[in-house]
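Chain residues, written in single-letter form:
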Amino acid sequence: MPTKSVPKATLQRYPIYLKALRKLKNSGVTRIMSKELSEYVAIESTTIRRDFSFLGSLGKQGYGYDVDRLIEIFNEQLGMGFDEKIILVGAGNLGKALMNYNRWNHVVGEIVCAFDIRPESVGKTPIPVYHVDEMKDKIPEGCRIAILCVSSNVQDAADRLIECGITGIVDFSHEHFQVPKGVLVKPIDVVSTIQELVFETNNMKK
Ligand SMILES: NC(=O)c1ccc[n+]([C@@H]2O[C@H](COP(=O)([O-])OP(=O)(O)OC[C@H]3O[C@@H](n4cnc5c(N)ncnc54)[C@H](O)[C@@H]3O)[C@@H](O)[C@H]2O)c1
């Protein structure tokens, strides 16, 4: 795709369209007019048509856009294949909540399986939970993202993930651990977010 000539604002809207299209596809929609999509994403239909025109001539007058074709184009040309096969380590309270939610299938991908040091004590889960020793065998092919929800030995869990080729870790653990160059860690911490909010709210009052 000639990204050079595509305005930045248009590029920023593409993920919004793709997310909407995947949701629509999921609910059985196969073709859509720009006006209908406009209502769905709250973006003017003229803007949508202009944005899509950068991708080639995709729609037909009176027919609209083929949803599958549009998704294919976004996936292929923009490299936005939101089909990540994600794994989770630490199937405790937090891990189970994430596994039970797991509704990102038309946005980023899905949690395919989980690992724990005590899988036998995890109880009922919607996806399989294996022992961490089985990680190398059970990790899905092409998997590169892991969610870390362990409560102990975080470094060991991270090392195992890296050995299995994981290059991106969503970290809920609150613990410091080392990763080699080329592996990205995104910490998520509700407590520090609340602290930041308290601090910023206090400052707003001044
Ligand atoms: N970031 C946040 O905002 C946030 C919020 C809540 C909890 N947490 C943190 O998330 C972690 C999990 O919390 P929880 O309430 O689910 O705990 P939990 O005790 O219910 O679950 C932890 C699970 O991890 C497993 N485990 C422990 N060490 C492991 C390892 N090295 N490898 C694989 N599995 C391992 C345990 O067997 C258990 O099933 C804790 O570290 C907690 O502090 C973070």
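As the structure is a computational prediction, the values presented were derived from the model and not from experiment.

Re helix α3 (residues 45-53)
Consideration 1: Those residues of α3 lying buried are Ile48, Asp51 and Phe52. In a view along the axis of α3, the buried residues occupy a sector of 95°, so they form one face of it.
Consideration 2: Its buried side turned inward, α3 meets α1 (8-26) and α2 (34-41).

A look at the packing of α1 against α2
Consideration 1: One way to put it is that α1 packs onto α2 with a least axis distance of 10 Å and a crossing angle of 100°. Compared by their axis directions, α1 and α2 come out roughly perpendicular. Contacts between α1 and α2 involve Ile16, Tyr17 and Ala20 from the former and Leu37, Tyr40 and Val41 from the latter.
Consideration 2: By residue class, the composition of the contact of α1 with α2 is 6 nonpolar, no polar and no charged.

Some details on the pairing of strand β4 (residues 109-116)
Side-chain direction in a regular strand flips from residue to residue, so the side chains alternate between the two faces of the sheet.
Consideration 1: Here 6 bridges tie strand β3 (residues 84-89) to β4, and the two strands are oriented parallel to one another. From the neighbouring strand, Ile87 faces β4, where its bridge partner is Cys113.
Consideration 2: Examined bridge by bridge, β4 and strand β5 (residues 129-131) share 3 bridges and lie parallel to one another. In the strand pairing of β5, Phe115 is matched with Tyr130.

Description of the UniProt feature "DNA-binding region" (unreviewed entry) in the protein
Consideration 1: Taking the numbering used here, the UniProt-annotated feature "DNA-binding region" (unreviewed entry) corresponds to residues 16-55.
Consideration 2: Taken end to end, residues 16-55 comprises 70% helix and 5% strand; its first and last C-alpha atoms sit 15 Å apart.

What to know about the domain arrangement of the protein
Consideration 1: The assigned domain composition of the protein is domain 1 (3-78) and domain 2 (84-193).
Consideration 2: Taking only C-alpha atoms into account, the centre of domain 1 sits 33 Å from that of domain 2.

With respect to the sheet that holds β5
Consideration 1: Taken together, the 6 strands give an open sheet; going across it, the order is β5-β4-β3-β6-β7-β8, and neighbouring strands pair in parallel fashion. Two strands bound the open sheet, and with one partner strand each, they are β5 and β8 (184-187). Neighbour-to-neighbour, the strand axes of the sheet open up by a mean angle of 25°, direction not taken into account.
Consideration 2: Its contacts with the sheet put helix α5 (residues 93-101) on β3, β4 and β6 (145-148), and the angle it makes with β4 is roughly 150°.
Consideration 3: Sitting on the sheet, helix α7 (residues 154-163) touches β3, β6 and β7 (168-171), and the angle it makes with β6 is about 170°.

Some details on the site of the ligand
Consideration 1: Among the 26 residues in the neighbourhood of the ligand, the closest are listed as Gly90, Gly92, Leu94, Val150 and Val190.
Consideration 2: For the shell around the ligand, the secondary-structure elements that each account for two or more residues are α5, β4, α7 and α8 (190-205).
Consideration 3: Top contributing element to the shell around the ligand by residue count: α5, with 3 residues.

Definitions and limits used
- Residues numbered from 1 in each chain as written.
- Predicted model: local features only at pLDDT ≥ 70, side-chain atom pairs only at ≥ 80, totals over all residues.
- Buried ≥ 20, exposed ≤ 12 C-beta atoms within 10 Å, placed from the backbone.
- Helix = DSSP H or I, 4+ residues; strand = E, 2+ residues; numbered from the N terminus.
- Arc of directions from axis to C-beta.
- Contact = placed C-beta atoms within 7 Å.
- Axes fitted to C-alpha atoms, helices over the stretch in contact; angles between N-to-C directions.
- Parallel < 35°, antiparallel > 145°, perpendicular 65-115°, else oblique.
- Nonpolar A, V, L, I, M, F, W, Y, C, P; charged D, E, K, R; others polar.
- Pairing = 2+ DSSP bridges.
- UniProt positions renumbered as here; feature names shortened; annotations may be inferred.
- Domains from an automatic or database assignment.
- Near = placed C-beta within 6 Å.

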